[in-house]
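Secondary and tertiary structure notes
The primary structure of each chain is shown beneath.
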Protein chains: 2
Amino acid sequence: MAENNKPHIVIIGGGFGGLKAAKSLKQTSAKVTLVDRTNHHLFQPLLYQVAMAGLSPAEIASPLRSILRRQKNTTVVLDEVLNIDVKNRSITMSNGTLTYDYLIVSTGVQNSYFGNNHWAKYAIGLKDLDDAIEIRRRVLVAFEEAEREQTPEREKQLLTFVVIGGGPTGVELAGTLSELARYVLKRDFRSINPKSTRVILVERGERILTSFPKTLSIKATEQLRHLGVEVLTEVGVTDITAEGVELGDKFIPAATVLWGAGVQSNAITKTLGVDLDRSGRVIVEKDLTIAGYPEVYVIGDAACYTHQTGQPLPGVAPVAMQQGVMAAQNILNTIEGKPREKFHYVDKGSMATIGRSAAVAYAESLEFSGFLAWVMWLTVHIIFLIGFHNRAIVFFQWVWSYFTYKRGARLITGHRLHAGAPEKDFEPTTESTKLTNK
Amino acid sequence: MAENNKPHIVIIGGGFGGLKAAKSLKQTSAKVTLVDRTNHHLFQPLLYQVAMAGLSPAEIASPLRSILRRQKNTTVVLDEVLNIDVKNRSITMSNGTLTYDYLIVSTGVQNSYFGNNHWAKYAIGLKDLDDAIEIRRRVLVAFEEAEREQTPEREKQLLTFVVIGGGPTGVELAGTLSELARYVLKRDFRSINPKSTRVILVERGERILTSFPKTLSIKATEQLRHLGVEVLTEVGVTDITAEGVELGDKFIPAATVLWGAGVQSNAITKTLGVDLDRSGRVIVEKDLTIAGYPEVYVIGDAACYTHQTGQPLPGVAPVAMQQGVMAAQNILNTIEGKPREKFHYVDKGSMATIGRSAAVAYAESLEFSGFLAWVMWLTVHIIFLIGFHNRAIVFFQWVWSYFTYKRGARLITGHRLHAGAPEKDFEPTTESTKLTNK
């Protein structure tokens, strides 16, 4: 594919890492191809707000072609990568093949059910826009079905929501869901009282938000309880069915279960033929390449990088973006005959939102919680959203929701009127479907 | 269901007619139940902008519960009506039954393929949000697939779009689609030139927009041609396949076909057991009731009302809204022992938009076209949108699109990467599926 002897750089995945890498290659003479199976870059940190009816899908997604339209050396291909052949430097997609001189794998993660893939149907995870729209449908339909339900037990089951996993996604989903029931829906129903909704957050470890300092975990738990969320820690899930969640000898009847407990690498990393960690992430060298193939880079959530701290870096946007810049730089270095540099992560802190006026954050050695952390969270997320258009709309939606206690996207779409997992149609994000769906 | 002897009024359908009827019953002591199979009121006149990636679904839809939250005598039920038993004054839904003292049927229309239901898979119509999202997906994927296509014939087929039916929906779809290709996508692709896109509007009659004065039909045709649309009149469709559209002895290879040619009443009207017109619409009395059942009203697109002009009134929002007010008034009259009034339609004019700065409109004996008609169209549609929130966002989207030539919702969702009709999953809006899907 190398045209006029220009090197061809292929990037798989247009998330935070892949897009940053593509943008970092703007000024080069190399030919760049970005392959993604969706047509948009997704601002993942706000995905839970789509699931909870606060934002519309288009408000947190931008077409990759639009973002890169002025970058003339870069081509965007909408396709699904099926195989990477590192020996022959080629990738196979559903609709063709590409050869590369340099490859950046930035394929992210998908939900992991720890060997219980049959849970996927009942406990939906939050990885892409289709997941978010499906969660929104299930949550809103559960309230609708409860409204027309005559049996008190079934009504209670419909108004019980279990969120599994106390990481940032689980905390955000649980907090916002409780808010939705208590503030947004409270006057809309006639025969149910949305305030009687139970939202239960289940965490296997001894505290939620384990990646945060312990003091902030405690604050977050307090803020969640204040919003009406029941927080259960040191509790493991033993089964999930259409009827609810089994926690050892205890069973919680619940029509809606959300999954935020575990992720694993997209199965495509297996085709690289190199060492993976337990979650399927590629163990990368200090320069982000893989052993034996200095032209192949793996970045972001798909990579397991342990060199700096001894621990794998967390799967967050700042790691992916910094690695995207480094991978691009190392490719340019190689093209120019310079040595590759070691990646060094600069941790600027972390934040998680819980609900209205409630969040936790740390930066350097400073810790924040409550209203101040929440305002910091809002500000950072507006700034990092791509495009003036999305920033303006999201800002308007937030201001409007704050003052009216309404949500702008309370839509049930998809023609299905029943709560819980649909009988057919919906294909959960598991390894096999992701690699074969068209 | 009559509680404390209060009469029970059931309204089927939360479109323009049904919602207006519900709101007109606000001040009464009667108990009102509004049944709809979706959770939202849809602002249908802007649906084509969702299909053409200009607006997000939530921006033209409002939850019915939210709209009616303060109307304490009114209950909203999310359910599908399967049967109306006028003799026993009851309706059967997927999840229960309701008895009524008064019934307003406002179930609207669905696409009609004139006996060729197998066309539905290839020629998608535009009736609800799911249709609009599917059209958006097919149109955007066609460009994506053309970009990676190597064969010139197939590329040409992918870049040919046929819109069938020269009514307002067909005109709006064709004009906006041509604009999308020529202005919005023009710099985004590398191997195709979106300006080479063909958009063909096919009309069986001798002119497009037959419900408008002839001078405006001519203006509209000129404006469409100026936007690059090929307008074919007096041309009948003889077949539609996955490969394209057959027009008598001519075949147009086209991967994407949109249907705006015909509608028929929702099949539920058949269960009323009264006379229907050719399109399945219920022939109503002068007071909007049906023969023999003065407590049953049929309004909006589901009704065939010919008394005033000799011709059936058109299926447009103003007719439905005025009939909703009249049906509510006649029910109140009956409750208060007064006679029912005859419906009298006040025609305030009509308008259709074609594209950027292009529209046609008439009001009284005045006719407008071009920029002035377009500004009138924008103004009227912003005013009639429900809710400050939606008005503000749609206004912002329009201003932004006007100045940037971008579209705010260029999203492909639904995990499908291929153009044309999907192999499975999508259920077109035909009679049988609408009555049975759950």
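For the structure, check the block above.
Quick look at the structure, then. (Residues numbered from 1 in each chain as written. Chains lettered and ligands numbered in written order. Predicted model: local features only at pLDDT ≥ 70, side-chain atom pairs only at ≥ 80, totals over all residues. Heavy atoms only, no water.)

1. As for the interface of chain A and chain B
Chain A puts 58 residues into the contact, and the matching count from chain B is 58 residues. Roughly 5,500 Å² is buried in total at the junction of chain A and chain B, and carbon and sulfur atoms are behind 52% of that figure. Applying the counting rule to chain A against chain B returns five salt bridges. When the shortest N-O distance is used, the salt bridge between R65(B) and E147(A) registers 4.0 Å. Counting only elements with at least two residues in the side of chain A that touches chain B, the list comes to β4 (61–63), α3 (64–67), β5 (74–78), α4 (129–148) and α10 (388–404) of chain A. Here the element with the most residues in the side of chain A that touches chain B is α10(A); it accounts for seven residues. (Contact = heavy atoms within 4.5 Å. Buried area = accessible area lost by both parts, 1.4 Å probe. Salt bridge = Lys/Arg side-chain N within 4 Å of Asp/Glu carboxyl O. Helix = DSSP H or I, 4+ residues; strand = E, 2+ residues; numbered from the N terminus.)

2. Focus: unusual backbone geometry
Residues and elements named next belong to chain A. One non-glycine residue with positive phi stands out, namely R89, at about 50°. Its location among the elements puts R89 in the loop between β6 (81–85) and β7 (90–93). The backbone phi angle of Y405 is positive, close to 60°, even though this residue is not glycine. Mapped onto the elements of the fold, Y405 is located in the loop between α10 and α11 (431–436).

3. Some thoughts on the relation of the copies chain A and chain B
Here chain A sits on chain B after a turn of 180° about the axis and a move of 0.0 Å along it, with an RMSD of 0.0 Å. The two molecules are tied by a two-fold rotation axis, judged by turn and shift. Both copies contact each other with a shared surface, as 100% of the interface residues of chain A are interface residues in chain B too. (Least-squares fit on C-alpha atoms with pLDDT ≥ 70 in both.)

4. Regarding the packing of helix α1 (residues 16–24) of chain A against helix α8 (residues 317–335) of chain A
All names here are of chain A. Two elements in contact, α1 and α8, have axes separated by 7 Å at closest approach and are oriented at 35°. For α1 against α8, the interelement crossing comes out right-handed. On the side of α1, the interface is formed by F16, G17, K20, A21 and S24, while α8 contributes A317, A320, M321, G324, V325, A328 and L332. (Axes fitted to C-alpha atoms, helices over the stretch in contact; angles between N-to-C directions. Left-handed = near helix turned anticlockwise from the far one by under 90°.)

5. Concerning the side chain of H381(A)
Residue and element names in this part refer to chain A. Structurally, H381 can be placed in helix α9 (residues 371–384). Only 2.8 Å separates the side chain of H381 from the backbone oxygen of W377, close enough to count as a polar contact. Apart from the residues lying within four places of it in its own chain, the contact partners of H381 are F43, P45, L46, M351 and W398. (Polar contact = N/O pair within 3.5 Å; in protein donor to acceptor, adjacent residues only side chain to side chain.)

6. A few points about the pattern of salt bridges
Under the defined criterion, the tally for this structure stands at 27 salt bridges over all chains. Notably, a salt bridge pairs D277(A) with R281(A), separated by 3.0 Å at the nearest N-O pair. Looking at D277(A), the relative accessible area reads 19%, which means it is buried. In the salt-bridge network here, residues are joined through shared partners; they are R69(A), D188(B) and R410(B). (Buried < 20%, exposed > 50% of the residue type's maximum accessible area, 1.4 Å probe, protein only.)

7. So, a nonpolar patch on the surface
Together, V380(A), I383(A) and F384(A) make up a nonpolar patch on the protein surface, roughly 280 Å² of accessible area in all. Tracing the sequence through the fold places F384(A) in helix α9. (Patch = residues over 30% accessible without salt bridge, like charges linked within 9 Å, V, L, I, M, F, W, Y side chains within 5 Å. Areas by Shrake-Rupley, 256 points an atom, 1.4 Å probe, with all protein chains shown as cover.)

8. Thoughts on the sheet that holds strand β25 (residues 358–363) of chain B
All names here are of chain B. Judged by pairing direction, the sheet is antiparallel, and its three strands sit side by side in the order β24-β25-β26 without closing on themselves. For this open sheet the edge positions go to β24 (350–355) and β26 (366–369), each flanked by a neighbour on one side alone. Recorded for the sheet is a direction-independent mean angle of 5° between the axes of neighbouring strands. In this sheet, β25 lies alongside β24 in antiparallel orientation, the contact comprising five bridges. Within β25, the residue paired with M351 across the bridge is A361. Relative to the sheet, helix α7 (residues 214–226) contacts β24, β25 and β26, its axis offset from that of β25 by approximately 170°. Strands β24, β25 and β26 of the sheet are contacted by helix α9 (residues 371–384), whose axis makes an angle of about 110° with β24. (Pairing = 2+ DSSP bridges.)

9. Structural notes on the nonpolar core
Soluble globular proteins tend to bury their nonpolar side chains together. The biggest cluster of nonpolar side chains holds 71 residues, and the ones touching the most others in it are L46(B), I60(B) and F143(B). The residues contacting L46(B), other than those within four sequence positions of it, are L55(B), I60(B), W377(B), H381(B), L385(B), V394(B) and W398(B). (Core = buried A, V, L, I, M, F, W, Y, C linked by side-chain atoms within 4.5 Å.)

10. Section: the side chain of R148(B)
Within the secondary structure, R148(B) is located in helix α4 (residues 129–148). A polar atom in the side chain of R148(B) sits 2.3 Å from the backbone oxygen of L78(A).

11. Observations regarding the environment of Y293(A)
All names here are of chain A. As for its placement among the helices and strands, Y293 is situated in strand β22 (residues 293–298). For Y293, a relative accessible area of 19% puts it in the buried group. Considered as a pair, Y293 and S401 are 108 residues apart in the sequence and their alpha carbons are 50 Å apart. Sequence-distant contacts of Y293, that is, excluding residues within four places in its chain, are made with V86 and K87.

12. Describing the packing of aromatic side chains
Within this structure, the stated rule accounts for 30 aromatic pairs over all chains. Note on F388(A) and F396(B): the rings are 6.3 Å apart at their centroids and 55° apart in plane angle, and the pair reads as tilted. Taken together, the positions of F388(A) in helix α10 and F396(B) in helix α10 (residues 388–404) put the pair across two chains. Residue class for F388(A) comes out exposed when judged on its relative accessible area of 56%. Three or more aromatic residues joined by ring pairs form one cluster here, namely Y113(A), F114(A), W119(A) and W259(A). (Phe/Tyr/Trp six-rings, centres within 6.5 Å; stacked < 30°, edge-to-face > 60°.)

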